[in-house]
Amino acid sequence: MSGDATMQVSVWRSGDGKEGFQTFDAPRREHQTVLDVVTWIQQHADPSLAYRFACRVGMCGSCAMMVNGQPRWTCRTHVSRVLKDGRLEIAPLRNLPVIRDLATDMTPFFEKWVAAEAVFAPSESREAPMAPIKPDDPRRVAADAAIECINCAVCYAACDVVASNPEYLGPAALNRAWTLANDARDGGQKARLDAISKAGGCHNCHSMGNCMTFCPNELNPTASIAGLKRATVKAALGWGKG
Amino acid sequence: MLTLRLYLLQRVTAILMAPLVLGHIAVMIYAVQDGLTAAEILGRTQGSLGWMLFYGVFVVAVAIHAAIGLRVIVAETLGLRGAGLNVFAWGAGLLLLALGLRAVWAVTA
Ligand code: SF4
Ligand code: SF4
Ligand code: FES
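The residue count restarts for each chain, going from 1 along the sequence in the order it is written. Chain letters and ligand numbers both follow the written order, the letters beginning at A and the numbers at 1. Per-residue local features are limited, in this predicted model, to residues with pLDDT of at least 70; the limit for side-chain atom pairs, both in listing and counting, is 80 or more; totals at the level of whole chains, interfaces and linings are taken over all residues. Only hydrogens and water are set aside when side-chain values are computed; all heavy atoms of the structure are taken into account.

**Topic: the nonpolar core**
Filter applied, for reference: Buried residues of nine kinds, namely Ala, Val, Leu, Ile, Met, Phe, Trp, Tyr and Cys, make up a nonpolar core once their side-chain atoms join them within 4.5 Å. Burial classes: relative accessible area under 20% of the type maximum marks a residue as buried, over 50% as exposed, and values in between as partly exposed (1.4 Å probe, protein chains only). The contact definition used throughout considers only heavy atoms, calling two residues in contact when any of these lie within 4.5 Å.
V9, L88 and L102 of chain A are the most contacted members of the largest nonpolar core, which totals 61 residues. Those residues within four positions of L88 of chain A in sequence are excluded, and the remaining contacts are M7, Q8, V9, S10, V37, V67, N68, V79, V82 and L83 of chain A. Core analysis: the next-biggest nonpolar cluster, separate from the first, contains eight residues, M1, L6, I68 and V74 of chain B among them.

**Remarks on the pairing of strand β2 (residues 18-27) of chain A**
All names here are of chain A. Condition: Strand pairing is assigned whenever DSSP identifies at least 2 bridges connecting the two strands. Helix numbers and strand numbers start at the N terminus; a helix is a DSSP run of H or I with at least 4 residues, a strand a run of E with at least 2.
As paired strands, strand β1 (residues 6-15) and β2 are joined by 10 bridges and run antiparallel to one another. Paired with S10 across the two strands is T23, which belongs to β2. Between β1 and β2, which follow one another and run antiparallel, lie two residues, and D16 among them has a positive phi close to 55 degrees.

**Remarks on the domain arrangement of chain A**
All names here are of chain A. Note the following rule: Domains are outlined according to an automatic or database domain assignment. Buried area, as used here, totals the accessible surface that two parts lose on assembly, with accessibility defined by a 1.4 Å probe and the loss added over both. For this document, the term salt bridge refers to a Lys or Arg side-chain nitrogen within 4 Å of an Asp or Glu carboxyl oxygen. Residues adjacent in sequence count toward polar contacts only when both atoms are side-chain atoms; beyond that, a polar contact is any pair of N or O atoms within 3.5 Å, and within protein one must be able to donate a hydrogen and the other to accept it.
Partitioning chain A into structural domains gives domain 1 (6-104) and domain 2 (107-237). For domain 1 and domain 2, the distance between their C-alpha centroids amounts to 29 Å. Counting residues at the interface gives 15 residues for domain 1, matched by 17 residues for domain 2. Taken over both partners, the interface formed by domain 1 and domain 2 buries close to 1,200 Å², and the fraction arising from carbon and sulfur atoms is 66%. Our enumeration of links across domain 1 and domain 2 arrives at one salt bridge. We note a salt bridge from D160 to R94, for which the minimum N-O separation is 2.8 Å. Linking domain 1 with domain 2 are four residue pairs in polar contact (both at pLDDT 80 or more). Mapped onto the side of domain 1 that touches domain 2, the elements with two or more residues apiece are β3 (64-67) and β4 (70-73). Residue contributions to the side of domain 1 that touches domain 2 peak at four residues, all from β4.

**Examining the interface of chain A and chain B**
Contacts between chain A and chain B engage 14 residues on the former and 10 residues on the latter. Of the roughly 1,100 Å² buried at the junction of chain A and chain B (both faces included), carbon and sulfur atoms supply 57%. Considering only the side of chain A, the residues that lose the most area to chain B are S164, H203 and V233 of chain A, jointly responsible for 38% of the buried surface there. For the interface between chain A and chain B, the tally reads four residue pairs in polar contact (both at pLDDT 80 or more). Put simply, the parts of the chain that give the side of chain A that touches chain B at least two residues each are α6 (160-164) and α10 (221-237) of chain A.

**Brief notes about the pairing of β3 of chain A**
Residue and element names in this part refer to chain A. Covered by surrounding structure in β3 are A64 and M66 together with M65 and V67, the residues of both alternating faces. Across two bridges, β3 lies against strand β5 (residues 87-91) in antiparallel orientation. Considered in β5, the bridge of M66 is made with A91.

Laid out in structure tokens, this is it:
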């Protein structure tokens, strides 16, 4: 690719009482990620641009933004995959309050993890011997499939139920609740099932799979939520342990 | 806005409705194929406890199922919440129930 190719990048700006898209001409480079573009703008065009990132290798989950209308982890999203008619539109993650420019306030997202009791509740003291769990135990296998979440909130931004029902706990918190529901060492199952059976709970999921489509780690929160629905129904009908 | 209780109610009514819908369609096809007149149909349904129960249960299940579904749609698309949402859902359910039971009564009593 030639050194002087450029592309038009519209970046959402907010704060200081003004808001709207601002357009920049940024260089188009080979193997460039969306995060590279945002960083170039901040370093060469407007140092006041606010955005968030840390690891740049898809581990920390802090760099997610809306790119041409879809939620993406920007550090691992190549421009070549998302460029539309030579243009990029970059906006803060959907369904979250914006602090400034591209930086969202993720507090509501994490508060919902707590509200979903998506927190390990040890059933034994630290002195107890380690619990033996076979790798092929079905509950271990179910937890395994859902465990590699990086808390990026891409699924939360992709979920239309979150958009229309601010109470809804959302795919990430519920996905984490599912891993714990399958943790033999966890003693908080009753409280967890109660927490996810309330007005904003797992039963609000429409199972349309936006979360699964966009999760950069290819997790399937839709399936996790379906598991939670079954577990709550089983517990309510008294069919053994959810 | 869908709690476990509402979710369960909607699933249970769906399970009830599935065979009733099939039964209803079968009856419709039978009536049309055979060219039954309204009077002939009424002759078979009136005074029949079986038909009263069949369509009575159907109407109750539909009223509950539809009211919960409408409740979700109205909450998610129009943003209605709280007491207003409950009033709407109960109102929709009771209206469907009244209309349905009136029809069942007219045909089977
Ligand atoms: S499947 Fe459920 S959690 Fe996932 S995006 Fe759809 S409604 Fe949201
Ligand atoms: S489930 Fe996937 S999309 Fe959602 S927060 Fe975790 S890693 Fe991100
Ligand atoms: S910067 Fe850490 S995941 Fe993108």
